[in-house]
Structure formats: C-alpha cells, structure tokens
Amino acid sequence: MKKVFMYFAAGLMLMNCLYSCNEKEEESAKSSEKEITAFSIGTQQGTIDATAKTITFTFPQGTDVTALTPVIVVSKNATVSPASGVVQNFINAVSYIVTAEDKTTQTYTVTVNVTVEQHTEAKIVTFSFAQLTPKVEAAIDENKKTVSAVLPQGTVLTALVPTIVVSDGATVSPASGVAQDFTKTVHYTVTTADKTTQVYTVNVAVGKNHEAKITAFSFDKLTPKVVATIDEGAKKISAEVSYGVPLTALVPTINVSDKAAVSPASDVAQDFTNPLEYTVTAEDGVTTSKYTVSISVESFATAITNVTPTTVNSGDSIIITGIFAVSGNKVELNTTELTIMLQNATTIIASIPIDISEGAYSLSVTSNGNKADYSDNIIVEAIEDPTKPRIISLNKEEIMKGIDNLVVTGLNLGTYTYIYFEKTNESYVYTSAYPQDGTTVTYTASGFLNSFFTVGEYKVWLTVNNVATNKLPFTIVENSNPVPTITAVSDWNPCRGDNVTVTGANFGEDAIVELDLDGFSIRPDVVSHTATTLIFSTENLYLSDRFVAVRVLTGGQVATKTGTFQAKQCLTEIIGITPQSGTIGEVITINGKYINNFLQIQIGDEITYGSQINSSTQKFMVPYGVPQGTTTIKITDYYDTSKIYYEGTFTVL
C-alpha cells in the first residue's frame, strides 16, 4: 500500500513538471513586437522615427487639429491605445501605447504641426471711404503704386477717414480708420511680417460740380436796383423795371452755381426787348440748363412825393422827387414852364424864372403825357437885389466821395469866389473856387472833399466879393467802387528806361500810377493796363528822385505800397546807328538801351554830340568837315572817352 502511494505521488510530480514546462515553452513562444508600422490621418502619412518613437505630421495653415481621426497599423498581435479610428485633439502632442502579444509596451509620441505662412506680399487690396453716402471705392494702380479717388462735390477733404484692407499678415501706416487731410498727397506704407515694405501714394480730389443753375439775376446799375424772380422749375426769370428805362442795353448781374459758367456772360449789356435765353454750363462741362429771361416795363404814372423848398426866391431852384420819365419832363408853376437843370426817373431839379412875379403858385409835372399836381402851393418871393450872386442848381444830389465833381450853377458869380460847405452840428469849411463863365463853379471832390469831408448831408453856398449866395443841400456818400490792392512791385530799383509792373487787384479803367516823393507826386506813363497789372515806364524819371511809395489811384480809391523806389542809370548799350551813311547835316539815329544824355560821336576826325530823345534813342547830325567816303565812327561817354559804346564805319555821301 505504501508502495502504491509512493508511485501515485511520483506520478503527480511528473505530471506537474510536464505542465509547467509546457507553460513556459508557451510563454516564450509569444511575440514581443510592439511597433507602429503606419500612422495616417486622412490622406497624409505620418513620419515615423522608429528610434525616437515619434510620429509627426505637418498640415497647411488653417487646418483644424482638434478633432482628427488617425488610422494606426501596429505589429502583429499587438494593440494600441488610444485605438485606431478614435477621434483625437492634436493641439498638443498625443501619446500612443503599443502593447505587444507578450504584454510588453512601447510609447509613441504623435505631434501634428500646422504651418504658418510667411506673408511676403505688401499690398493695399482695397481703399475706400465708407462714411460717405454712397460709399466711394478708390482706384488702385498696382503698377504705379498709386491710389486715387474722386469724391462728391462739396466733400471736405481735411478730415476724411479711409477704410483700408491690406495683404494677409501685413499692416499699414497711417492705419485704417484714422482721419487724414487729403487736401494734399498722403503716403501709406504697407509692411509684411518679414518686414517687406511698399509705399502707396494716395491722391483724393473733389469731383466737378454737376449743378447748372442761375441763383440770382439782378440789374444792380439801375436806381433802385431791380432783382429778378427765378422760377427754377420752369427755368424762367422775370423782372419789371421802372417806366422809361430802355430795355435795349440793360446790364444784368448774374450769379450761378459754384464754378459754373453762363452765356451770355454776367455784366454784359443785352437787348431785353424780347425774351432772351441764357445757358448755364456746370463745372463738369456737360450739364447745362437754359433759362428764358423776360423783362417788362412797369406801367407809368407820374407822381410828386415831395418838393423842397416850397418858399423860394425868383432865380432859385427847387428839388422835386417822385415818379417821372427819365427825360422829356415838363414842370410848370401855374402855366409858367420852368427850366429843368437835372432830371431822372425819381428827381427833377428846376429853376424859378428870375422875372416871375411874387405869389402862390400851383406846381405840376407832366411826364410822357401824364400830369401830376403837387398838393401844396409854391410861394415865390421877390429878390431884393437882382444883381446879387445866386445858386440856381447843383449837378447832383449825391456826390460819391473821392471821385465825383460838384458843379454849382448860378448867377452873378464874379472873379473872387469862395465855396463853403456846412454839415449839421459841424463847422463849415471853405476853399477857393474859379467860375468859368460867371455862371458855374466846378469843385473837384476827389481832392479836397476826399481828404477832409465825412459822409453825410451838407449845404453848399458861395461868396462873391464877400456877398453870400443862397444855400442848396447835397449829400456826400461813401465810395462804392472796389478798393484796389497792390501785392507787388516788380523792381524798386530799375534801370532808367525800363518798364515796371505793379501787380494787384481792382485796377479800373481810370487807374494811374503815382510815385510819392515825400508829399510831391509824380505820375509816370502807364504803358499797359489790366484789372490786375499796371506797367509804367521809368523813361522820364530823374535819377536823383528817391520815392517813398508807389500808389495806384482808381475810381476815387487809393492803394499804396511803401518802399524806396529810385531809377538808376545802367550801363549804356548801343546796338547800332540808322542809317549807316548820310550827307553832311543829315540826322542819324542811335539805337540802343539805357542811353545817357552825354554821348560824344566822332566821325573821322570830327566830333559832334547826341540829342537825347529817350533812353533807347538819340539823334545827331553828320558834322561839317567830314570828307566824303567811308570812315570810322566811334561813340563814347562825353566825360570819359575811354568808355567806348560803339565802333564801326560810316559813309559820308
């Protein structure tokens, strides 16, 4: 039994040994391979570094790497975790563990890179002004690197805000959205990430105006001024002028849209007897509007509104205001017709006959067949002394300061006459006057009145041999002519004989140049004249005169430019003589420039002297004693014969 048990135990041991040995053989037979042999995402295969156990991918810029699905191939019988086909976020590196059949492991690190483009393009893609309505897109010339835009008429360029789009990754300076002054060229610099730069030149302009309108139409030279009515919808302009105003030569003042032109032009006389068409052309040169202008004459009705004075002496004048014909009026006291001294559509000045009887008279004015009576009587008183000097009338009720003349017409105006001016609440002033024929005195307002008189109402009277006349009223008004300005004088120290240009504005047709010699004035000859330039000659100026100012006098107004002005004698230049032959005693002309007064002419051995004509011309006579034939001629300075101005030959015939 014991033997049986021993045999049984030995058998168990043998079986256990056989099982253990098989198990170890089985373990040693399992694979230890744990490689990732392929790793792909989409169509891209990762780069596997078997030694470093890394796998890398490079995807283009913009690829979303937060949810990629890899396909993984590993060694036979091996497994991988995370598994193939499982979505992963590859923003950061992901570790994959491969487990071999024999349970050994290997870790792989998978990195997905996204390329970053290196932008090298420095380009303005779009340039616009989005705040404008409508939005304006600028034109970009990539070849010339220029940007240009034309904005609507009236756009203010001093603080425009552009919207700028540039190449990817680039910046622009000045920046988009920053206001700029586009009245001048602006330069924009585009810079890329790799510091490549490109400069663009930006020019912005305001488009030409498309508006073609007449905004105002008037007749400023009529008294009173007439303003026309404009029907913009119908393109019709109409106005009514006072009775008696001729329509054949009315001068309209026309205002039009900014930078537009009108034809016929403003301030040009036109015949408005029939409707006249005016065409306005906009600044763009394309848009036009046509207006029909119709001018009518108001119905005439004679009216007397005032008479002054109403108590007069025979020989005096009365001033009648109202509505009259421009000419052809008739003024009567009862049935006695008065002499009209001045008449227009609103004023008549008439004189009372010297031989009219004292008494009360009714006054009437007949204009164009229409008669009007004054409501009050005119009282005529007798003259105490018919030989006493009297003022009959004045040429004007209003004298424009600095330009108009006051003409006083009267009776018994003797040689020793003085003129007096009195203003309310001011002392009177007087000056001498010079009757031309015993009946008139002309007083130049541009002199005395311009210097001392203020605007306002005055009375004027005369004294003749200390006997005073009656007084008549008049008014001094401001000078309404444009005030001239001087911006430049071309040369303050010209050569005598040169022309000098005065540049400025508002030089009227009567403009003259005056050189101020400390209170004493010289007026050189004006050789050329426009509204903005006056060219005067220095031909007749003395070299010794030093002027302290240059003035322009025009329309009773004065412009002054101070500075030292003096002509100088420049070096004489002689071009030649004409003719180059002549007989004894014949007059020969010397032509040149800056010719002085002291020339000595030697023909052969004979000497004569020039006669000054001007700085470019002198004349001399062929002197006696010069033999016939061709000889030498020399022109020198009289005081210094070493100064030779001309040498040549001359033939005595």
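Preceding block: the structure.
These numbers were taken from a predicted model, which means no experiment stands behind them.

As a further point, take unusual backbone geometry. Of the consecutive residues Ser-81 and Pro-82, the connecting peptide bond is found in the cis state with omega at 0 degrees. Tracing the chain through its elements places Pro-82 in the loop between strand 6 (79-81) and strand 7 (94-99). Of the consecutive residues Thr-578 and Pro-579, the connecting peptide bond is found in the cis state with omega at -10 degrees. If you trace the backbone, Pro-579 turns up in the loop between strand 51 (573-578) and strand 52 (581-582). Positive phi, normally seen in glycine, also occurs at Lys-53, with a value near 60 degrees.

Here we have 5 strands laid out as an open sheet, ordered 19-20-24-23-22, and mixed in their pairing. Since the sheet does not close on itself, it has two edges, and those belong to strand 19 (229-231) and strand 22 (261-263), each with one partner. Each adjacent strand pair in this sheet contributes to an overall mean axis angle of 25 degrees, direction not counted. Here strand 20 (residues 236-241) pairs with strand 24 (residues 288-297) via 6 bridges, running parallel. Across the sheet, residue Ile-237 finds its bridge partner in strand 24, namely Val-293.

Our focus in this paragraph is empty space enclosed by the protein. Applying the stated criterion across every chain, the model contains 1 cavity of 30 Å³ or more. Forming the walls of the largest cavity are Ser-317, Ile-319, Ile-349, Ser-393, Leu-394, Lys-396, Glu-397, Leu-472 and Pro-473. At the level of elements, strand 27 (317-323), strand 34 (390-394) and strand 42 (472-477) are the ones that each hand at least two residues to the lining of the largest cavity. Split into classes, the residues belonging to the lining of the largest cavity amount to 5 nonpolar, 2 polar and 2 charged.

So, about the pairing of strand 37 (residues 417-423). The two faces of the sheet receive side chains in turn, since in a regular strand these alternate between them. Along strand 37, 5 of the 7 residues are buried, which leaves the element largely enclosed by surrounding structure. For strand 37 and strand 40 (residues 456-464), the ladder comprises 7 bridges, and the chain directions are antiparallel. Across the sheet, the residue bridging to Glu-422 is Lys-459, located in strand 40.

When the charged atoms of two side chains with opposite charge come close together, those side chains can pair. Following the criterion strictly, the structure yields 14 salt bridges and no others. The closest approach of N and O atoms between Lys-235 and Glu-232, which form a salt bridge, is 2.7 Å. For Lys-235, a relative accessible area of 23% translates into the label partly exposed. In this structure Glu-232 comes out as partly exposed when scored by relative accessible area, which is 25%. Residue Arg-551 pairs with Asp-516 through a salt bridge whose shortest N-O separation is 2.9 Å. With a gap of 35 residues between them, Arg-551 in strand 49 (residues 547-554) and Asp-516 in strand 45 (residues 512-517) connect regions that are remote in the sequence. Like Arg-551, the residue Asp-516 is buried in the burial classification. Among the charged side chains, a salt-bridge network with shared partners connects Glu-514, Asp-516, Arg-523 and Arg-551.

Here is what the cut-offs are and how they apply
- Residues numbered from 1 in each chain as written.
- Predicted model: local features only at pLDDT ≥ 70, side-chain atom pairs only at ≥ 80, totals over all residues.
- Heavy atoms only, no water.
- Helix = DSSP H or I, 4+ residues; strand = E, 2+ residues; numbered from the N terminus.
- Pairing = 2+ DSSP bridges.
- Axes fitted to C-alpha atoms, helices over the stretch in contact; angles between N-to-C directions.
- 1 Å grid on protein atoms, 1.4 Å probe; cavity = no way out; pocket = protein on both sides within 12 Å on 5 of 7 lines; lining within 4 Å.
- Points joined across faces, edges and corners; volume = space filled by probe spheres on them.
- Nonpolar A, V, L, I, M, F, W, Y, C, P; charged D, E, K, R; others polar.
- Buried < 20%, exposed > 50% of the residue type's maximum accessible area, 1.4 Å probe, protein only.
- Salt bridge = Lys/Arg side-chain N within 4 Å of Asp/Glu carboxyl O.

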